[in-house]
Amino acid sequence: MGRHNASTLEREAPPGGCDSDDAPTAGLAPVRHSTDALVLRGVTKTFASGLLGRGRPHVAVDQLDLTVPAGSIHAILGPNGAGKTTTVSMIATLLRPDSGEILIDGVDAVATPSEVRGLIGVSGQYAAVDGNLSGFENLRMVAQLYGMTRREASARAREMIDELDLVAAADRPMRTYSGGMRRRLDLAGALINRPRLVILDEPTTGLDPRGRRQIWGAIKELTRTGTTILLTTQYLEEADELADDVTVVSAGAAHARGTPSSLKREFGDAELTVEVARTGALRSAVDVMTTLADVGSGPPEQLDDVRFRVRVEAGSRTAVRAVTALNRIGVEVLDAGVTAPTLESVFLALTEPIATDDEGGASDVR
Ligand SMILES: Nc1ncnc2c1ncn2[C@@H]1O[C@H](COP(=O)(O)OP(=O)(O)O)[C@@H](O)[C@H]1O
Ligand SMILES: [Mg+2]
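Computed from a predicted model, the values in this text were never measured in an experiment.

Definitions and limits used
Residues numbered from 1 in each chain as written. Chains lettered and ligands numbered in written order. Predicted model: local features only at pLDDT ≥ 70, side-chain atom pairs only at ≥ 80, totals over all residues. Heavy atoms only, no water. Salt bridge = Lys/Arg side-chain N within 4 Å of Asp/Glu carboxyl O. Helix = DSSP H or I, 4+ residues; strand = E, 2+ residues; numbered from the N terminus. Buried < 20%, exposed > 50% of the residue type's maximum accessible area, 1.4 Å probe, protein only. Pairing = 2+ DSSP bridges. Near = heavy atom within 4 Å. Areas by Shrake-Rupley, 256 points an atom, 1.4 Å probe, with all protein chains shown as cover. Nonpolar A, V, L, I, M, F, W, Y, C, P; charged D, E, K, R; others polar. Contact = heavy atoms within 4.5 Å. Axes fitted to C-alpha atoms, helices over the stretch in contact; angles between N-to-C directions. Parallel < 35°, antiparallel > 145°, perpendicular 65-115°, else oblique. Left-handed = near helix turned anticlockwise from the far one by under 90°. Expected span 1.5 Å × (residues − 1).

Peer 1: What exactly am I supposed to notice about the pattern of salt bridges here?
Peer 2: A pair can form between side chains of opposite charge whenever their charged atoms are brought close. For the coordinates displayed, the defined rule picks out 13 salt bridges. With a shortest N-O distance of 3.7 Å, D98 and K45 are connected by a salt bridge. Of this pair, D98 sits in the loop between helix 2 (84–91) and strand 4 (99–104) while K45 sits in strand 1 (residues 36–47), and the two are 53 residues apart along the sequence. On the basis of relative accessibility, which here comes to 44%, the residue D98 falls in the partly exposed class. Of the charged contacts, one joins R158 and D171 as a salt bridge, the two residues approaching to 3.4 Å between their closest N and O atoms. One end of the pair, R158, is in helix 5 (residues 150–163); the other, D171, is in the loop between helix 5 and helix 6 (179–191), and 13 residues separate them in sequence.

Peer 1: In this structure, what is going on with the pairing of strand 1? I would like to understand it.
Peer 2: On a regular strand, one side chain projects to one face of the sheet and the next to the other, so that they alternate. The buried fraction of strand 1 is high, at 9 of 12 residues. In this sheet, strand 2 (residues 58–69) lies alongside strand 1 in antiparallel orientation, the contact comprising 8 bridges. Following the sheet pairing, V39 is matched in strand 2 by T67.

Peer 1: Please clarify how the site of ligand 1 should be interpreted in this entry.
Peer 2: Close contacts around ligand 1 come from 13 residues, with G81, G83, K84, T85 and T86 the closest. Considered on its own, ligand 1 offers 560 Å² of accessible surface; in the complex 72% of this is hidden by protein. Contributing elements (two or more residues each) for the shell around ligand 1: strand 2 and helix 2. Top element by residues in the shell around ligand 1 is helix 2. It accounts for 3 residues. In terms of residue class, the shell around ligand 1 is made up of 4 nonpolar, 6 polar and 3 charged.

Peer 1: For this particular structure, what's the right way to read the pairing of strand 9 (residues 245–250)?
Peer 2: Burial within strand 9 is extensive, with 5 of its 6 residues counted as buried. When strand 3 (residues 73–77) meets strand 9, the two strands line up parallel, connected through 4 bridges. Note that in strand 9 the partner of A75 across the bridge is V246. As paired strands, strand 9 and strand 10 (residues 253–258) are joined by 5 bridges and run antiparallel to one another. The residue bridging T247 from the neighbouring strand is R257, located in strand 10. The turn linking strand 9 back onto strand 10 is made up of 2 residues, and A251 within it adopts a positive phi angle of 50°.

Peer 1: When you look at helix 9 (residues 260–267) in this model, what are you seeing that I'm missing?
Peer 2: Within an α-helix, residues lying three or four positions from one another point in the same direction, as the helix has 3.6 residues per turn. Inspection of helix 9 places P260, S262, L263, K264 and F267 among the buried residues, and these make up the whole buried set. Residues of helix 9 that are buried in the fold lie against helix 8 (236–242), strand 9, strand 10 and helix 12 (343–350).

Peer 1: Just checking my understanding: could you explain the sheet that holds strand 14 (residues 333–339) for this structure?
Peer 2: By definition, the strands of a sheet pair up through backbone hydrogen bonds, in either a parallel or an antiparallel sense. Taken in spatial order, the 4 strands of this open sheet run 12-13-11-14, and their pairing is antiparallel. Where the open sheet ends on each side, the last strands, each with one partner, are strand 12 (301–302) and strand 14. As judged from the 2 bridges shared by strand 12 and strand 13 (residues 307–312), these two strands associate in the antiparallel manner. Along strand 13, the bridge assignment pairs Q302 with F308. Contacting strand 11 (270–276), strand 13 and strand 14, helix 11 (residues 318–328) runs over the sheet at an angle of about 160° to strand 14.

Peer 1: Explain the packing of helix 9 against helix 12 to me, please; I cannot follow it from the model alone.
Peer 2: To describe two helices that pack against each other, one gives the angle between their axes and the distance between the axes. Where helix 9 meets helix 12, the axes come as close as 9 Å, and the angle between the chain directions of the two elements is 60°. The orientation of helix 9 with respect to helix 12, classified from their angle, is oblique. For the pair helix 9 and helix 12, the crossing hand works out as left-handed. Together, P260, L263, K264 and F267 of helix 9 and L343, S345, V346, A349 and L350 of helix 12 make up the contact between the two elements. Tallied by class, residues from the contact of helix 9 with helix 12 come to 7 nonpolar, 1 polar and 1 charged.

Peer 1: Explanation requested: the environment of R158 in the structure shown.
Peer 2: According to the relative accessible area criterion, R158 is partly exposed, its value standing at 38%. Separated by 19 residues in sequence, R158 and L139 have C-alpha atoms that sit 8.5 Å apart. Excluding residues that lie within four positions of it along the chain, R158 makes contacts with F136, A170 and D171.

Peer 1: I keep staring at the side chain of N193 and nothing clicks. Help me out?
Peer 2: Tracing the backbone through its elements, the reader meets N193 in the loop between helix 6 and strand 7 (197–201). The residues touching N193, leaving out its near neighbours within four places in the chain, are R117, G118, I120, Y146 and M148.

Peer 1: I tried to follow helix 6 on my own but got confused; where do I start?
Peer 2: Here helix 6 spans 19 Å end to end across 13 residues, near enough to the 18 Å set by a 1.5 Å rise per residue. Burial runs high along helix 6: 10 of the 13 residues are buried. Along helix 6, the positions that sit buried rather than exposed are G180, M181, R184, L185, D186, L187, A188, G189, A190 and L191. Lining the buried residues of helix 6 we find strand 6 (120–122), helix 4 (135–145), helix 5, strand 7 and helix 7 (209–223).

The following block contains the structure:
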């Protein structure tokens, strides 16, 4: 599948984006909900590049639209350099967009940043305050920065330590924490003021599988309390595991959005592999290829004497049709299987590697 270009997708989008919940809206028009926790419209950020900023301006985020209903988890999925951190920094009011609108719970984050700061919690901001303080002391300090009394702050810090499974380490200096523990403490810091919207920039990058699962568990737990979560990730399985909706970004622009399953259905490749009884006849191989070309959505491939593969549309009963058609022409099918499309194939279809002269580079893209 070729790369989709944002403006093409925009033209293809249904007016108003009022399609069913599960359909991917490749277009970029946000769907309005009265309960939207976050809305971005046409958000753009350009950085000067080169020495002394004299190079060609670099568009880090390009006309980005995003709508996140309250209580949901939205994942911005994209490779290194796609503009994820720039996007969340603007939402977190740490960076001002050149143009566009950002609404958090309906409040204008660009015009009134101080008003939205109480509504959001941002990871990567608080917990690393002082490595010599214990995890508990760090969290209590963050809580006090939010205006809680010392007593309230202590209670809240203990509560978060409990929730994020840090009890055993709570009173140890933070510098002794493992990577996974630091991330959890960081997450606790982002949650301490009970924000309506939690922003997590690559919350599990660099963690081992166990650490990653712990963070995933904590994030899932959060939505049970109605918290809205915006997270960025370059891990397909993370978006798949956590997100209600995914926006695939590449080079600063959104290329598709939808639920993980709708994206897989729309953009992912499923493959049908059939194994036929050995006949040795060249003629039957040609027949099999012709039949698979009819039912498949791409050129079939012969893997060896008896196995053939073709790309198919997911959920299209192609395997059944293929077996029937092959039987009809006298080819005996020993086995037929369809592999489900993965978000990885969606990612590969919709994003492209970053040019080598860019920071980050494609080598980190998984
Ligand atoms: N402060 C900055 N000055 C200049 N260029 C920047 C700055 N921050 C980010 N960029 C560039 O903007 C692009 C997007 O970066 P970023 O938002 O960090 O991507 P991601 O988080 O998806 O890896 C990259 O090409 C990066 O080099
Ligand atoms: Mg980043």
